[in-house]
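# Tertiary structure, described
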Amino acid sequence: MGMVQKPEVKELKNGAKCWEHAFDTFKVKVYVPKGHPLQDVFNFGFAAPYYLVFEETEKTMEQAIAYAEEKGLARMAARYSSSVVFVSPVCAGGWDGAPDSIFADVVANSRIAQYHKDGMVLSRDRFTGAWGECFIRGAIFRTCLFGTGKAADYLARHLMKTVQGQYLWGPGEITPVGMVLEKMNTMPKPERPDMPIVSIGNSEEVNAALKAGCRDVLVQEKADYEKAAGFLGRYKRWCGQLEEEPCMEKEGMVEEVDAVSVPVSSDNLGDDKEKSVHDIAYLAYYQKGLMEGKKVPLMLAFHGGGDSCYYIAHVSGWWRVAKRHGFLLVAVENHLNSTATEMMAFIEDMKKKYPIDEKRIYASGFSMGGCKSWDLYQEYPDVFAGLAPMSATFEVGLNVYGKPAPKAINETVPVPVFYAGGEITPLPELPFQAEKCRERMEYVFRVNKVKTPYNVRFEEKENWENKIFGIHGDKTVVYHDDSRNADLTVHYFESEDGVWRTAFGSISGQGHECREHTCETAWQFLKQFTR
């Protein structure tokens, strides 16, 4: 899947971009209005509705652009530095003869990832730097479909039900979030009650059928696409489940997107390694009034490879943990383009902007973000009151680029650590899954001066007393996650000075993911420590 060659991109006088491409079963025209000033360093795509306009009759590019502007879709897309994608079938007979797979084909050719430009995602191997195929940029868990006439009939026939296809990590459910159906000619038969629908200019019979089959239906006699897009844009469909996105204003939370400039360190192997200074973007969350007259704890959060800080803040639930417990959450964007040393300069900038309690600075990360957290443990242990790496590690002594750390790694400064990984993950996260995970645990025991010796050997894991970690904790607690019907089993270990600063946990039934329940448990552990 994907485009082997990057399509020709045209730049318009208003700063917008446009391009088109023909795939096997469909064609697209993509209009990318001018977006946020930080769109080149901040990936807004994870929060952006994916506007897919199924054209009743194929338009020229000029007609498509005029349509997007007239209907207000361009303005809505610009808010998220996103695009409007027009879809038409390549077969004869238009939508009447179109295969039912077109939406699934569009999704299979769509991505949200780190490298993006002009409404396209550019695939790149993180370790070799080699560029691969291009994809339409769009969050496949936020698909909002628009159709008029025969295009609306096609959507109603084929997509008002559970749809399977290529999801984020492989085959899975790709059911659309919702649809705008205008001037339909056929009677809809919805099979998904949880699919929000905007009905425009349809008969009373059609509206009655929609209301009978769907719980959330907005009826418009006269088209207001901007309102319709806002109606659907409240939702995402995560792993098949429709979820309404929280309104930060109503939640009493402040959400801030910004960036700071820091010197590029000599060990930077990211995209900006040739620069002397570069920008690091971030997403901050905190309660309204939290910082009035007092200093507050800081939690840095690092997303997984190819993800965005929106992912680590929202999907993992860290923003809700911050709301419950009153700390400043700063999710760092594209942290693989920065180093542990640069994070020290980043923290200094955060101190200038926010009243941060220097004794209560913490960090956590998922997957490659977990590896970044281990970099901080190895290179700058004196800075942090506690760290919560999750679901990943490189070999001890290697950094997030898989290269030797640029300085002697920490061997003497204990740092409170909460680590957790999935028990059924396809990637190595826990000691029974890979030698490097066992080695990491042994290293933490050594640095944190844990009383209990960690003398287990990977090749003897069949005989381990604890089948996941090799040994049982000095104290073991099982925390049940009702939302996922899973158990987080945490083994706590006491250090020689009597402090219980080391915790290793595993989550039953969890693959490679980061859950709010784990983040909440991590914070409950970390908050007791100060530097």
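Described in the following lines is the structure provided in the data block. (Residues numbered from 1 in each chain as written. Predicted model: local features only at pLDDT ≥ 70, side-chain atom pairs only at ≥ 80, totals over all residues. Heavy atoms only, no water.)

### Looking at the sheet that holds strand S22 (residues 356-366)
- As summarised here, the arrangement of the 10 strands in space is S18-S19-S21-S20-S22-S23-S24-S27-S26-S25, forming an open sheet in which the pairing is mixed. Edge positions in the open sheet fall to strand S18 (253-263) and strand S25 (475-481), since each of these has one partner strand only. Between one strand and the next, the sheet's axes are offset by a mean angle of 20°, whatever the strand orientation.
- The pairing of strand S26 (residues 486-493) with strand S27 (residues 502-507) spans six bridges and is classified as antiparallel. Note on S27: the bridge partner recorded for leucine 488 is isoleucine 507.
- On the sheet, helix H9 (residues 318-325) packs against S18, strand S19 (277-287), strand S20 (296-302), strand S21 (328-332), S22 and strand S23 (386-390) and is oriented at approximately 50° with respect to S19.
- Sheet contacts for helix H11 (residues 368-379): S20, S22, S23 and strand S24 (417-422); angle to S22, the most-contacted strand, approximately 140°. (Pairing = 2+ DSSP bridges. Helix = DSSP H or I, 4+ residues; strand = E, 2+ residues; numbered from the N terminus. Axes fitted to C-alpha atoms, helices over the stretch in contact; angles between N-to-C directions. Contact = heavy atoms within 4.5 Å.)

### Here's the deal with the pairing of strand S11 (residues 164-167)
- In this sheet, strand S12 (residues 170-173) lies alongside S11 in antiparallel orientation, the contact comprising four bridges. The residue of S12 that forms the bridge with glutamine 166 is proline 171.
- Following S11, the chain reverses through two residues before pairing antiparallel with S12.

### Observations concerning the sheet that holds strand S4 (residues 50-54)
- Taken in spatial order, the nine strands make up an open sheet running S1-S2-S3-S5-S4-S10-S13-S14-S15, and their pairing is mixed. Edge positions in the sheet fall to strand S1 (10-11) and strand S15 (217-220), since each of these pairs with one other strand and no more.
- Here two bridges tie S1 to strand S2 (residues 17-22), and the two strands are oriented antiparallel to one another. Paired with lysine 10 across the two strands is cysteine 18, which belongs to S2.
- Each of S4, strand S10 (143-148) and strand S13 (178-182) touches helix H4 (residues 150-159); the most contacted strand, S10, lies at about 130° to it.
- Packed onto the sheet, helix H5 (residues 204-213) meets S13, strand S14 (197-200) and S15 and runs at close to 165° relative to S15.

### With respect to the packing of H9 against helix H13 (residues 516-526)
- Following both chains from N to C, one finds H9 and H13 inclined at 40°, their axes separated by 9 Å at the closest point. Put simply, H9 runs oblique to H13. Where H9 crosses over H13, the two elements pack in a sense that is right-handed. Residue-level inspection shows Trp318, Arg320, Val321, Arg324 and His325 of H9 in contact with H13, the latter providing Glu516, Cys519, Glu520, Trp523 and Gln524.
- Class assignment of the residues belonging to the contact of H9 with H13 gives a composition of four nonpolar, two polar and four charged. (Parallel < 35°, antiparallel > 145°, perpendicular 65-115°, else oblique. Left-handed = near helix turned anticlockwise from the far one by under 90°. Nonpolar A, V, L, I, M, F, W, Y, C, P; charged D, E, K, R; others polar.)

### Details of the state of the cysteines
- According to the stated counting rule, one finds zero disulfides in the structure shown.
- In this structure cysteine 309 is not part of a disulfide, and its nearest cysteine sulfur, from cysteine 514, lies 14 Å away.
- With a relative accessible area of 0%, cysteine 309 lands in the buried category.
- Left without a disulfide partner, cysteine 437 is nearest to the cysteine sulfur of cysteine 371, which lies 9.4 Å away.
- Here cysteine 437 falls in the buried class, since its relative accessible area comes to 5%. (Disulfide = S-S within 2.5 Å. Buried < 20%, exposed > 50% of the residue type's maximum accessible area, 1.4 Å probe, protein only.)

### Topic: the nonpolar core
- Core analysis: the largest hydrophobic core is formed by 93 residues, its most contacted members being Phe54, Val87, Trp318 and Leu329.
- Excluding residues within four positions of it along the chain, leucine 329 makes contact with Leu283, Ala284, Tyr285, Met299, Ala301, Ala313, Trp318, Trp319 and Ala322.
- Within the second largest apolar cluster, 50 residues are counted, among which are Phe346, Ile356, Val415 and Met441. (Core = buried A, V, L, I, M, F, W, Y, C linked by side-chain atoms within 4.5 Å.)

### Here's the deal with the pattern of salt bridges
- Applying the stated rule across the entire model yields 34 salt bridges.
- A salt bridge links arginine 142 to glutamate 245, with the nearest nitrogen and oxygen atoms 2.4 Å apart. Placement of the pair is arginine 142 in the loop between strand S9 (131-137) and S10 and glutamate 245 in the loop between strand S17 (241-244) and helix H7 (248-251), with a sequence separation of 103 residues. Glutamate 245 carries the same exposure label as arginine 142, and that label is buried.
- The salt bridge involving arginine 192 is made with glutamate 173; its shortest N-O contact spans 2.7 Å. In this pair, arginine 192 sits in the loop between S13 and S14 while glutamate 173 sits in strand S12, placing the two residues 19 residues apart along the sequence.
- Connected through salt bridges with shared partners, the residues Lys27, Lys29, Glu55 and Glu58 form a single ionic network. (Salt bridge = Lys/Arg side-chain N within 4 Å of Asp/Glu carboxyl O.)

### Observations regarding helix H12 (residues 435-447)
- Helix length check: H12, at 13 residues, gives a terminal C-alpha distance of 18 Å against a target of 18 Å (1.5 Å per residue), a fit within 8%.
- By the burial criterion, the buried members of H12 are Cys437, Arg438, Arg440, Met441, Tyr443, Val444, Phe445 and Val447.
- On its buried side, H12 packs onto H11, S24, S26 and S27.
- Of the residues flanking the end of H12, it is lysine 449, one or two places downstream, whose phi is positive at about 55°. (Expected span 1.5 Å × (residues − 1).)

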